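Topology and contacts: notes
Here is what each chain is made of, one letter per residue.
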Amino acid sequence: MEEKNRQACAVDILDSTLRDGAQGEGISFSVEDKLSIVQALDGLGVAFIEAGNPGSNPKDLEFFERAAKLDLRHARLVAFGSTRRKGIKAEQDANLQALLQAGTSHVAVFGKCWKLHVTEILGTTCEENYHMIADTCRYLTQQGKTVFFDAEHFFDGYRDDPAFAMGALEAAVRGGAACLVLCDTNGATFPDEIADITRQVVQRYAEGEASVQVGIHTHNDRGMAVANTVMAVRAGASHVQGTYLGFGERCGNADLSTIIPNLQLKLQKCCIPPENMALLTPTARTIAEVSNVTLPGGEPYVGGSAFAHKAGMHADGVLKLSSSFEHIHPEQVGNERRFLMSEISGRAAVLSKIKRILPQLDRDSPETLRIMQRLKELEREGYQFEGADGSFELLIRKNAGAYRPFFELIYYKILTGYPSQPGTSASATVKVRVDGKEQLTAAEGNGPVNALDNGLRAALEVFYPTLAKVHLIDYKVRVMDSKSASRATVRVLITTTDGKRTWSTVGVSSDVVEASWVALVDSIEYKLLKDAEDIFKGE
């Protein structure tokens, strides 16, 4: 696309993961966490990063001081705050002084656009509310700041009193705001309403004499935040706010990991450098890891299941023509196609997965036949590889002679007892051998499996330091035959991450600890296998 055309359809992205996202339940960022996320988002190429409210806590001020030293290539940091308080001058407001102290070139300030909030929450008059908005925008603009006015509760306010809501925007424009961000703060608006109202604002301000940019900020209380954002852009909004994985207050915010590819790949609304689209999934994994949340498998574009195929007919169709069951190529967003191994998977899917791992094998080679036979045997024992790609790859390599063990277990012992201290209800002693050298380690954990995991990794970190970055993010146990009660066979599925990759492994046994051990060993061996491949590739 020519530069002129690219600019004509460009949309600015403001990521609020570090501000609005931090308001989500269970989310807590340290200053180091924030700096890591800023660098990930800058690498992706977002235009703006709303990084916190410096007037609300000292930690945000510390962040802005340290962030100012970062060498950012794409993003500009944005400090966030409210309009001045009622009854005082803008220059007397401590919140506005904190915004200036943050040292960012751009600031976002929110003001009330719903009469209900003005009279019932702020306890002031509509006229004073307009003055608060205009005075704040004017003062910050005079201090050399570019002001984004977040029109809080704009859509609720417009439904209640269109003239009042538009008057709030008019006050921001009088004060010099560069962008009017229409906020669906309660997430209560339908997409057609969003489109109609946004179009009217665009016609009045973005296309009129004021020539002010119009933006959109939606919440997901009705499950429509992404749809509402897209509809606003189609109605003329050219500034989009959201959080990268959609987490935030209540039901969350508009999910930028979905919005960005929808705009860029589907609507040709360029919002990040096109060459960076392959970073979409790695960025999602990085932010999930730093935020200590699990990246949902069903997350559009970036989830592990976004391009996963289970049914034989689907797998066969994708192998013949990818567009038959995939709306884009997964590589476009840095993801990958997966064929889920199960009793309904077609032979073609299994063979495709074998060839992806070991391209030299064909369908009739002895190794392929041996793999297929072993797969059937393990499935009869209760194994299921649908969600255990790590174990499945190891199965292929072991039965094709393309595998070497990275360590040997000499023994493990587990002790549990009562009473116990919180988080240390069990201890494990693990002894391993690597290249003729032995290592004995003891560790505690919250239960026998956690203790065994801690002990095994501690023993192996002596030989393989990269394991220090590895930790479990999910652990599932399924009883295969409930009629056998405590003697039943169990299947353990664990999910592991090192911050770069996420993988799952499986183990089956009538002993839950042994089944867990099998899955743990596969998890670590898969990690070491991928590390070895990275070294071979020079990564």
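Use the structure listed above.
1. So, the side chain of Thr 185
You can see Thr 185 is positioned in the loop between strand S6 (179-184) and helix H9 (191-206). Residues within four places of Thr 185 in sequence aside, it is in contact with Glu 152, His 153, His 219 and Arg 250.

2. Comments concerning the sheet that holds strand S4 (residues 106-112)
In spatial order, the strands read S1-S2-S3-S4-S5-S6-S7-S8; together these eight strands close into a barrel with parallel pairing. Direction aside, the axes of adjacent strands within the sheet are offset by 25° on average. Across four bridges, the pairing between strand S1 (residues 12-15) and strand S8 (residues 239-242) is parallel. Across the sheet, Asp 12 pairs through a bridge with His 239, a residue of S8.

3. What to know about unusual backbone geometry
A negative phi angle is the norm for most residues apart from glycine, just as the trans form is the norm for most peptide bonds. A positive phi angle is found at Asn 292, which is not glycine, with a value near 60°. Overall, the relative accessible area of 69% leaves Asn 292 in the exposed class. The phi dihedral of Tyr 301 is positive, around 70°, even though this residue is not glycine. By the secondary structure assignment, Tyr 301 is in the loop between helix H12 (280-291) and strand S9 (308-309). You can call Tyr 301 buried: its relative accessible area is 5%.

4. A short note on helix H4 (residues 94-101)
Since there are 3.6 residues in each turn of an α-helix, residues three or four apart along the chain are aligned in direction. Buried residues of H4: Asn 95, Leu 96, Ala 98, Leu 99 and Leu 100, and no others. Looking at the buried side of H4, the elements it contacts are helix H3 (58-67), strand S3 (76-82), S4 and helix H6 (126-142). If you check the start of H4, you find a side-chain oxygen 2.9 Å away from the backbone N of Asn 95, and it comes from Asp 93. Backbone geometry just downstream of H4 places Gly 103 in the positive-phi region, at approximately 80°.

5. Describing the pairing of S3
Taken across its seven residues, S3 has five buried, putting it largely inside the fold. At this point the chain moves from strand S2 (residues 48-52), through H3, to the parallel S3, and the crossover so formed is right-handed. In this sheet, S4 lies alongside S3 in parallel orientation, the contact comprising five bridges. Its bridge partner being in S4, Phe 80 is matched across the sheet by Ala 108. In the classification by handedness, the crossover that spans S3, the intervening H4 and the parallel S4 is right-handed.

6. Examining the pattern of salt bridges
Applying the stated criterion across every chain, the model contains 32 salt bridges. With a shortest N-O distance of 3.0 Å, Glu 50 and Arg 19 are connected by a salt bridge. On the criterion of sequence distance, the pair formed by Glu 50 in strand S2 and Arg 19 in the loop between S1 and helix H2 (31-44) is long-range, its members being 31 residues apart. Residue classification places Arg 19 among the buried positions, given a relative accessible area of 10%. A salt bridge links Glu 377 to Arg 374; its shortest N-O distance comes to 3.2 Å. Within this pair, Glu 377 and its partner Arg 374 are both found in helix H15 (residues 366-381), separated by three residues, close to a single helical turn.

7. Structural notes on the pairing of S4
Each regular strand carries side chains that alternate between the two faces of the sheet. Counted residue by residue, S4 has six buried out of seven residues, so it is predominantly covered. Here S4 pairs with strand S5 (residues 146-152) via seven bridges, running parallel. When the sheet's bridge partners are listed, His 106 is paired in S5 with Thr 146.

Thresholds applied
- Residues numbered from 1 in each chain as written.
- Predicted model: local features only at pLDDT ≥ 70, side-chain atom pairs only at ≥ 80, totals over all residues.
- Heavy atoms only, no water.
- Helix = DSSP H or I, 4+ residues; strand = E, 2+ residues; numbered from the N terminus.
- Contact = heavy atoms within 4.5 Å.
- Pairing = 2+ DSSP bridges.
- Axes fitted to C-alpha atoms, helices over the stretch in contact; angles between N-to-C directions.
- Buried < 20%, exposed > 50% of the residue type's maximum accessible area, 1.4 Å probe, protein only.
- Polar contact = N/O pair within 3.5 Å; in protein donor to acceptor, adjacent residues only side chain to side chain.
- Right-handed = clockwise from strand over helix to strand, strands pointing away.
- Salt bridge = Lys/Arg side-chain N within 4 Å of Asp/Glu carboxyl O.

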